[in-house]
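Examining the three-dimensional arrangement
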Amino acid sequence: MTHVLFVISAADRWTLNDGSVHPSGYWAEEVAVPHRIFSEAGWDITIATPGGKAPTLDQLSLGLAGGAPWKRREVKRYLAGIETALATPVALDAVDADEFDLVFYPGGHGPMEDLAHDSTSGRLLANRLASGKPLALLCHAPAAILAATGSDGTSPFAGYRMTGLSNREELLNRFAKKAPWLLEDKLKEAGVVYSRGRIPLRPHVVVDRSLYTGQNPQSSERLARRLLVDISASS
C-alpha cells in the first residue's frame, strides 16, 4: 500500500504588514481533491500539522473564490466525510517522513504564517528533497521551503524548477497589497527557477526530479493525478 503524509498548516490567520489579521487556514479544494484522488486509489493518508493542532478551513475557499457552486458543494461534502481525520492530526515532529511514499503539502495562506518559519517542517523538507523520494507542494505551500536551509545557509531548493501562486494571482485578492511578502518573490530570492502558467488561475504543474509543485487551487487535480501515475508506475 502507498502511504501519504499530508502536511497541513495549523495557522488560522495571516498577519499583514500593517499588523492587521486576515482569517485564513488551508484552502478547501487543495485538501479535498488530492485527498479524494489518493483515497480512491487505495492509498493510506496520514494528516500532520505543527503541534498536532486541528487545521482551520479558510472560509473564503468555500465562497465565490472556491469556484463553481457545484464544485464547492462537492468539496464541502468531502471535507465533512474526513472531518474526524482533520480534527485529530498527528504532530509533525512525531512523524518519520521516511516511512511515507509521498509527502504532500496543500496550501492556503496558512503556510505563509506558520510553515514558512517552522524549523521541524524545514528539516523534513530538506531531508525529503535529499532523499529523492516524491515531495509535492501546492499553491501557497511552497512557502514552507523558506524554513529549509542548508549548512551554508542557502536553500536546498535553489536551482530546482518550481511553481507556486504567482504575484499576479495573489494580487487578485483585495487584501494582498498589505502582504508582508509575495510567494513568487520569495521563491526567486531562494534561488528557485520559478515558473508560472501563461494564463492566471489555470492549472500549471512543474516536475523537477522528485519535486512536484502546483501553481494554484485549480492545479489540485492535475498535480494529484500526475503523482498518482508516477508513483503507481514506480511501485
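From a predicted model like this one, the values you see are computed outputs, not experimental measurements.

Moving on: the overall build of the protein. The helix and strand inventory of the protein stands at 8 helices and 11 strands. In terms of overall dimensions, the protein has a C-alpha envelope of 45 × 45 × 35 Å along the principal axes. When each of the 235 residues of the protein is scored for burial, the buried share is 54%. Long-range contacts, defined as pairs at least 24 residues apart, comprise 77% of the intrachain contacts of the protein with a sequence gap of at least 6. Entry remark: accessible area of the protein is about 10,400 Å², with carbon and sulfur atoms responsible for 50%. Of the charged side chains in the protein, 25 are positive and 26 negative; the average position of the first set lies 8 Å away from that of the second.

What you see with strand E7 (residues 135-138) is no split at all: Leu-135 and Leu-137 on one side and Ala-136 and Leu-138 on the other are buried throughout. Both strand E6 (residues 102-105) and E7 contribute to a ladder of 3 bridges, which runs parallel. Opposite Phe-104, over in E7, you have Ala-136 as the bridge partner.

For the rest of this paragraph, the subject is the side chain of Ser-219. Structurally, Ser-219 can be placed in the loop between strand E11 (211-214) and helix H8 (220-234). Reaching out from Ser-219, the side chain makes a polar contact with the side chain of Asn-216 at a distance of 2.7 Å. The contacts of Ser-219, once residues within four sequence positions are left out, are Leu-138, Arg-202, Pro-203, His-204, Val-205 and Gly-214.

The next subject is the nonpolar core. Counting residues in each nonpolar core, the largest one holds 36 residues, and the members touching the most others are Tyr-105, Leu-125 and Phe-157. The residues touching Tyr-105, leaving out its near neighbours within four places in the chain, are Val-7, Leu-115, Ser-121, Leu-124, Leu-125, Leu-135, Ala-136, Leu-137, Leu-138, Ala-141 and Ala-144. Listed in part, the 32 residues of the second largest apolar core include Val-33, Leu-86, Leu-138 and Leu-227.

Now for the environment of Ser-220. By secondary structure assignment, the location of Ser-220 is in helix H8. On a C-alpha basis, the gap between Ser-220 and Pro-203 in space is 7.8 Å, while along the polypeptide they are 17 residues apart. If we ignore the near neighbours within four places in the chain, the residues touching Ser-220 are Glu-29, Glu-30, Val-33, Pro-34 and Leu-138.

This next bit is on the pattern of salt bridges. Enumeration over the complete set of coordinates arrives at 9 salt bridges. Residues Lys-188 and Glu-184 are paired through a salt bridge, measuring 2.8 Å at the closest nitrogen-oxygen approach. In this pair, Lys-188 and Glu-184 are both assigned in helix H7 (residues 183-189), 4 residues apart and thus about one turn of the helix distant. Of the residues examined, Glu-184 reaches a relative accessible area of 6% and is grouped as buried.

On to the sheet that holds strand E1 (residues 3-7). Strand order in this open sheet of 7 strands is E5-E4-E1-E6-E7-E11-E10, and the pairing throughout is mixed. The sheet is open, and its two edges are formed by strand E5 (90-91) and strand E10 (205-208), each paired on a single side. Inspection of the sheet shows strand E4 (residues 44-49) paired to E5 by 2 bridges, in the parallel sense. Each residue of the ladder has a partner; that of Ala-48, found in E5, is Val-90. On top of the sheet, helix H1 (residues 28-40) reaches E1, E4, E6 and E7; it is set at about 175° to E1, its chief contact. Its contacts with the sheet place H8 against E6, E7, E10 and E11, and it is angled at close to 160° to E11.

Here is what the cut-offs are and how they apply
Residues numbered from 1 in each chain as written. Predicted model: local features only at pLDDT ≥ 70, side-chain atom pairs only at ≥ 80, totals over all residues. Heavy atoms only, no water. Helix = DSSP H or I, 4+ residues; strand = E, 2+ residues; numbered from the N terminus. Buried < 20%, exposed > 50% of the residue type's maximum accessible area, 1.4 Å probe, protein only. Contact = heavy atoms within 4.5 Å. Areas by Shrake-Rupley, 256 points an atom, 1.4 Å probe, with all protein chains shown as cover. Lys, Arg positive; Asp, Glu negative; His and termini not counted. Charge placed at Lys NZ, Arg CZ, Asp CG, Glu CD. Pairing = 2+ DSSP bridges. Polar contact = N/O pair within 3.5 Å; in protein donor to acceptor, adjacent residues only side chain to side chain. Core = buried A, V, L, I, M, F, W, Y, C linked by side-chain atoms within 4.5 Å. Salt bridge = Lys/Arg side-chain N within 4 Å of Asp/Glu carboxyl O. Axes fitted to C-alpha atoms, helices over the stretch in contact; angles between N-to-C directions.

Limitation: the analysis is restricted to geometry and does not speak to function.
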